[in-house]
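Coordinate inspection notes
Given next are the chains, with one letter for each unit.
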Amino acid sequence: MSKPTDLQHDLERSLPAIASISTSFSQSQGFSPYCYFSPEKRKAISDVRRTFCLFVTFDLLFISLLWIIELNTKDGIQKNLENEIIKYNFKTSFFDIFVLAFFRFFVLLLAYAIVKLRHWWVIAVTTLVSSAFLIVKVILSELLTKGAFGYLLPIVSFVIAWLETWFLDFKVLTQEAEEERWYLAAQAVASRSPLLYPRALSEGQFYSPPESFAGSDNESDEEGAGRNALTAQEKEYVRQGKEAMEVVDQILAQEENWKFEKNNDFGDVVYTFEIPFHGKTFILKAFLQCSAETVYQEVILQPEKMILWNRTVAACQILQRVEDNTIVSYDVAAGAAGGVISPRDFVNVRRIERRRDRYISSGMSTTHSLKPPLSKYVRGENGPGGFIVLKCPSNPRVCTFIWILNTDLKGRLPRYLIHQSLAATMFEFAFHLRQRVSELSGKP
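Here goes a summary of the coordinates provided. Please read these numbers as outputs of a predicted model, since none were measured by experiment.

1. Considerations on the packing of aromatic side chains
Following the criterion strictly, the structure yields 22 aromatic pairs and no others. A ring pair is formed by F387 and W403, whose centres lie 5.8 Å apart and whose planes are at 50°; its orientation type is tilted. Residue F387 is found in strand β10 (residues 385–391), and its partner W403 is found in strand β11 (residues 399–405); the two are separated by 16 residues along the sequence. Three or more aromatic residues joined by ring pairs make a cluster, and in this case those are F52, Y112, W166, F167 and F170.

If you want it as structure tokens, here you go:
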């Protein structure tokens, strides 16, 4: 094994400035579906639907403004209104384009703001009617002889109608369907607790050997007394850890919705998954030829020793042990891409739980008085995520390792560059983890 000084040199040249995130986590106001998807809030109009309604209103107001400007030429507004409305002529009047915009405004707000439909058929009708009418009018009318407005009003009306269709179909309905899946997943997680050990079983396990599970009355009493002694800040750390654990549970419950991104020769696979309010999350799934307890010890219980074998982590320090299941850590990721990505540091709160079929370390970014932002590092923020080690019921000498990663590296890095390097980062981490467990299994 290399000496720490040699490792430091290698770390500074390693790919990711991201893998300190091996620790996993979210902003202190991280997403909690139990909060966002309460029955009361689910009845209100969503933010993305409200934006759509504003865009439909903008459609009417913009077409109206253009029509008024067109009326206020030559003979004045009053004379032109009389010519275009009272003496309406399909070939020369712009009034029908205004009426078409009002038709879209009325029908779309009625359907999607008042009735709150969740289907595309209404906007399909309004867009079809608008497109057909405008095409016929341009072909048969004499608007093109009336100057710039003869071109501008039909084109603007046509483009806005299709933009409304795109926004509803690809943004509003898609995001609301995703939020609905999150709500259903939250209900599934809450209802499937009999399949796992109750939460109380995971309490008091942080210092226990992998093969032992606490559960005595004495331990419960001591832990209850410890909780009562927590400060307000420590209680906040515990709350953040539990919140991150809820999100991790829901991501695991929706494995069928993970999107395949890449795989490697070892059989490791990286998936992506969109988390509402946090964006794209990367998920590594790897099969390891070692016991779940080994990975639990190396990755979850001893994060500060990870720099000895993980070339993507420059430093890891435990800042505070809040209670048996909760710690606050400080992590530094080495720079990458020849200095294009400078070193990042993170302050994370972690919650560790042991269940009958798995070990879980979940977490989210937080703040701590011992580690304020430093000028030599860019302080990154991690979204909800963590490590999961799944036991194999038929073979205790193999396990499945899952790393859920959501990160914001801050700075001015292009998001596409970060996303491209994340999969490579995760594969590199899995490679070093395999090397580590191979070394451990080779020891006498």
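2. Section: a nonpolar patch on the surface
A contiguous nonpolar surface patch, about 950 Å² in accessible area, is contributed by I135, V136, I139, L140, Y151, I155, F158, V159, W162 and L163. Mapped onto the nonpolar patch, the elements with two or more residues apiece are α7 (121–140) and α8 (148–191). Counting residues per element, the nonpolar patch draws most heavily on α8, which supplies 6 residues. Along the chain, L140 turns up in helix α7. Note on L140: relative accessible area 48%, which makes it partly exposed.

3. Observations concerning the environment of Q317
Looking at the secondary structure, you find Q317 in strand β4 (residues 313–323). Judged by its relative accessible area of 38%, Q317 falls in the partly exposed class. Spatially, the C-alpha atoms of Q317 and K305 are 9.1 Å apart, while their sequence positions differ by 12 residues. Apart from the residues within four sequence positions on either side, Q317 is in contact with V328, S329, Y330 and K371.

4. Describing the pairing of β4
For β4 and strand β5 (residues 326–333), the ladder comprises 8 bridges, and the chain directions are antiparallel. Across the sheet, C316 pairs through a bridge with D331, a residue of β5. Here β4 hands over to β5 after 2 residues, the two strands then running antiparallel side by side.

5. Let's talk about the pattern of salt bridges
As enumerated under the stated definition, the model contains 19 salt bridges in all. Salt-bridge contacts for E82 lead to K87; the nearest nitrogen and oxygen are separated by 3.9 Å. For E82, a relative accessible area of 32% puts it in the partly exposed group. The exposure class of K87 is partly exposed, given its relative accessible area of 49%. With its nearest N and O atoms 3.9 Å apart, the salt bridge here joins E164 to R104. Of this pair, E164 sits in helix α8 while R104 sits in helix α6 (residues 95–114), and the two are 60 residues apart along the sequence. For R104, a relative accessible area of 0% puts it in the buried group. By sharing partners, the salt bridges in this structure join D249, R351, E353 and R355 into a single network.

Parameters at a glance
- Residues numbered from 1 in each chain as written.
- Predicted model: local features only at pLDDT ≥ 70, side-chain atom pairs only at ≥ 80, totals over all residues.
- Heavy atoms only, no water.
- Phe/Tyr/Trp six-rings, centres within 6.5 Å; stacked < 30°, edge-to-face > 60°.
- Helix = DSSP H or I, 4+ residues; strand = E, 2+ residues; numbered from the N terminus.
- Patch = residues over 30% accessible without salt bridge, like charges linked within 9 Å, V, L, I, M, F, W, Y side chains within 5 Å.
- Areas by Shrake-Rupley, 256 points an atom, 1.4 Å probe, with all protein chains shown as cover.
- Salt bridge = Lys/Arg side-chain N within 4 Å of Asp/Glu carboxyl O.
- Buried < 20%, exposed > 50% of the residue type's maximum accessible area, 1.4 Å probe, protein only.
- Contact = heavy atoms within 4.5 Å.
- Pairing = 2+ DSSP bridges.

That is the geometry; function is a separate question.
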